[in-house]
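Coordinate analysis (summary)
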Amino acid sequence: MHPSEQPVNLLRLPAVLNRTRSEDLGELWLAANEQGVREIDGSDVSTLDSSGLALLLDGLRRARSIGEAITIMAPTAPLMAARRAFNLYDLLMFPADIEDVILEAELGMRLGEVLMDLGYLTEETLEKAVQQAEERPDTYLGQVLVEEGLVTEEQLARALAMQHGLPYVDPLGEGVLDVSLECEVPFAELRVHGILPYLRLGDTIAVSLKDPADVYAADVVRKYTGLSVITTVATPAAINAGLDQIQRAVAASGGGGETGLHEESVGAEERFNEIVINAIIEGASDIHIEPFPDHVLLRYRVDGRLHEVTRLAKDIGHSLCARIKVAAGCDISEKRLPQDGRIHYQDRTRDVDLRVNTLPTVNGEKVVMRILDRTTKALALDLLGLQDRDMEQLDEAIRMPHGMVLVTGPTGSGKTTTLYSVLDEIVNPETNVSTVENPVERAVKGVNQTQINQKAGLSFDLCLRALLRQDPDVIMIGEIRDMETAEIAVEASLTGHLVLATLHTNDAPGAASRLIQMGVEPFLVSATLRAVVAQRLVRKLCEQCKKPVDLPQATHDKYRSFGLQDGQSYSAAGCPSCRQTGYDGRRGIFEVMTVTQNLQDLIASNPATADLRRLALEEGMGSLLEDGIDRVNRGITTLEEAIRAGGTS
Ligand SMILES: [Zn+2]
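The rules behind these values
- Residues numbered from 1 in each chain as written.
- Predicted model: local features only at pLDDT ≥ 70, side-chain atom pairs only at ≥ 80, totals over all residues.
- Heavy atoms only, no water.
- Pairing = 2+ DSSP bridges.
- Helix = DSSP H or I, 4+ residues; strand = E, 2+ residues; numbered from the N terminus.
- Axes fitted to C-alpha atoms, helices over the stretch in contact; angles between N-to-C directions.
- Buried < 20%, exposed > 50% of the residue type's maximum accessible area, 1.4 Å probe, protein only.
- Right-handed = clockwise from strand over helix to strand, strands pointing away.
- Lys, Arg positive; Asp, Glu negative; His and termini not counted.
- Salt bridge = Lys/Arg side-chain N within 4 Å of Asp/Glu carboxyl O.
- pLDDT = per-residue confidence, 0-100.
- Contact = heavy atoms within 4.5 Å.
- Parallel < 35°, antiparallel > 145°, perpendicular 65-115°, else oblique.
- Left-handed = near helix turned anticlockwise from the far one by under 90°.
- Nonpolar A, V, L, I, M, F, W, Y, C, P; charged D, E, K, R; others polar.

1. Here's the deal with the sheet that holds strand β6 (residues 204–209)
- Read across the open sheet, the three strands follow the order β5-β6-β7; overall the sheet is mixed. Looking at the sheet topology across the chains shown, the edges are occupied by β5 (195–201) and β7 (228–233). Here the average twist between neighbouring strands, direction ignored, is 30 degrees.
- Bridge analysis of β6 against β7 gives six bridges, and the strand direction is parallel. By the bridge assignment, L209 is partnered in β7 with V233.

2. Considering the pairing of strand β18 (residues 498–503)
- β18 sits mainly inside the fold: six of its six residues count as buried.
- Both faces of β18 are covered, namely the face carrying L498, L500 and T502 and the face carrying V499, A501 and L503.
- Of the strand pairs in this sheet, strand β17 (residues 474–477) and β18 are connected by four bridges, and their pairing is parallel. Across the sheet, the residue bridging to I475 is V499, located in β18.
- The handedness of the β17 to β18 crossover, carried by helix α16 (residues 483–494), is right-handed.

3. Brief notes about the sheet that holds strand β15 (residues 433–437)
- The mixed open sheet is built from seven strands, whose spatial order is β16-β15-β17-β18-β14-β19-β22. Of all strands in the sheet, those bounded by a partner on one side alone are β16 (448–451) and β22 (583–594). On average, adjacent strands in this sheet sit at an angle of 15 degrees to one another, irrespective of strand direction.
- Strand direction decides the pairing type here: strand β14 (residues 403–408) and strand β19 (residues 529–541), joined by five bridges, are parallel. Paired with L406 across the strands is V532, a residue of β19.

4. Comments concerning the side chain of K415
- Residue placement: K415 occurs in helix α14 (residues 415–426).
- Buried and unpaired, K415 has E479 as its nearest opposite-charge partner, separated by 5.9 Å.

5. A word on the confidence of the model for the protein
- Averaged over all residues, the pLDDT of the protein equals 86, while 93% of them reach at least 70.
- Here residues 1–7 is a poorly scored stretch, pLDDT under 50, and it has one contact once near neighbours within four places are set aside; other chains count.

6. Observations concerning unusual backbone geometry
- Look at A74: it is not a glycine, yet its phi comes out positive at around 45 degrees.
- Here A74 is to be found in the loop between β4 (71–73) and α3 (77–86).
- Residue A74 is classed as partly exposed on the basis of its relative accessible area of 41%.

7. Things to note about the environment of E487
- By the secondary structure assignment, E487 is in helix α16.
- In sequence terms E487 and R465 are 22 residues apart; their C-alpha atoms lie 11 Å from each other.

8. Quick word on the packing of helix α13 (residues 388–398) against α14
- In contact at an axis separation of 11 Å, α13 and α14 are set at 60 degrees when each is read in the N-to-C sense. Compared by their axis directions, α13 and α14 come out oblique. Judged by the sense of rotation from one axis to the other, the crossing of α13 with α14 is right-handed. Contacts between α13 and α14 involve L394, D395 and I398 from the former and V422, E425 and I426 from the latter.
- Taken together, the residues of the contact of α13 with α14 break down into four nonpolar, no polar and two charged.

Structure representation (C-alpha cells):
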C-alpha cells in the first residue's frame, strides 16, 4: 500500500473473541488473504477467551505460512494481556510503537529496591516502612507498605512481578478471564494460595498469583490439571474478584461439585456454608428461604431484586432452617411466633453478620437473612458519587455545630451507607459522636454506637435521652419514625448538637413536611433543618455487554429539559458475567436540598409539599431525575433505570 493512501475499510477483529466467532474469523482471514491485507484492526476487541485466542493464533499462523505476517493495529488490553501472559511476541505482532514489554527481570533485587526503581517509593519512606516491618515480625514489608498507604496494591503487584521476572496481568480487568475454563482445582485451594486460572493455550494454562514467591501455587495447578503452568502476577483483590466471577459462572451453569446444592449427601452445616458463601460472592443483600407445599425455595436479593437460586426438597429445607435457628440463638421448638437472631459468619476472607428473622407461614417457617458485611468500610463521602455542587453543600451542612441533616429515601435506597460515610467524615478525636441504631449495621471507628433493644425496653427515645446526658457533639439517629424521636432530634439540634438521621420520604423537600406531619412545629423545623439528601439506587450497566442505542427523537424531546444529551446512550443486553440481566451493581443518585433563607421562611408557614419542592428547585436543587439522567449521559445506566428510580420531575 502506498503510504499516502488511507487504509480502506481495515478488516476488524470482533469485539468478543470466542468460539462463537469462528465463522466471522474464518471470513476475516479469507478476506485478508484475497485482498492481500497485512494489517487488521484490533481496536474493537473487548474480551477474549481460550478458544478465541486459539482461533486468532491459528489464523495468524496460516497467514504467515502463505505470505507476510499480519500486524494487529491498535491492539486493546485483552490482546496485549494475552501476548504478555503467553509470551507471544513472535506471533501476535503489534505496531512497533506499542509499548507492552515485560520489564527486565531484576532477579536478586530486594522488593524495596524494585519499588524505588519503579519510582513508587522514596528511600525515606522505605526506611520507615522497613523499621515498622521489623517491629511486626508476623508481617512482611509489602503488607506494611500497602496498609500504611505508601504504595497501592497494584504497585506492589507490579513490583513483585518485576522482582520475579514475571508479567503483571489482571485477567478480569484486562478482559482475558475465561470463566468457562475447566481447571478442576478446588476453589478452596485456589483461594488459599491466591491463584486465578484465566486462559488456556494448548497444554498450557496461564494463572495469576498474588504471591509469586509461593512455590506451591503452580504445583497445585499442575497436580490437578496435568497441564504446564505459566505464572503471572496480579493483586489479591483482582484474584478474588476473578475467582468470584468463575464461581458465579459455575453456579449459573448448574455444574461444579462445590457449588451444587442438590446433592442429598450434603449436610445442613455444609449446605448453610455454601448458601452464605455463594450469596456473598453474588453480592446478595438478603437470603430468603421460603416453604411451599412441595418444596423450599431459596432466593437471593441481588442489586435490589430477588432471584431464584434453587429449590430444595422439603426435609432438606427444614433441616436447613433448624440449623439456622440454632446458630442464630432462636428457640428451635418455637415455630408459631416470629423470632429474630444473629449469626456471626467468618472464614479466611469474609467476616459478615447475618441478621436472621423467622416468620410462620401456612406452609411452615420462612427465614430471611440480611447480610451485613463487617469488613466493608464506610465509603469515603467523596466516593459516593454526589455531584460536586451537592457535595459542597452537604459538606458545609455537616460542618455546622448544630442543626439537622437528614438522608431520605425508601427502604433499600442506601440511606444508611450515606449516613455512615458522613459519620466517617466528621469523626475526629475532639468530638463525641454517638449513635442510636436499629440495628448497628457497621462498626465505625471512634464512634459510640448503641443498638436499641425493644424486648429489653431499650427504645429509641429512652436511648436518646440517656445519650444526650453523655455530652455528645454529634448524634446519629438510625431512623426518625415517630413523634417522640422527632421531638428529641429537634430538641437536641436546638441545644447545640449536630443531628444526623434518616427519614422515609420520597424526596428531599418531603422531609420538612414529614416532620411537620409528625407533630413538630413548623417554626422548629424551619429553625433546625440544614440540609436534606434524598437518594435512590440505580442499577449500573454491565460493562461487558452494554450496547449503544439511539433513543427515539420523542424521548429526547421529553427529557432534554432534564439534561438528556443528544447522541448515543446505552441499553442493557445480558451476558454470563451479569447473569444475563445486563446490569452489574448499583450506585446512588441524589438530590440535595440546602435550607436557604427563602426555604426557611416557607417551611415556617407550613406549606404544601409541592410548593416547597417548587421553591427548592428554584433555589438551585438538582432533582433525582436530573442526577439519574446525568448518569445516562455518561453511559453508567439506562434511561429506564433513571426514570424508575428518579421519578418524573
Ligand atoms: Zn453483562
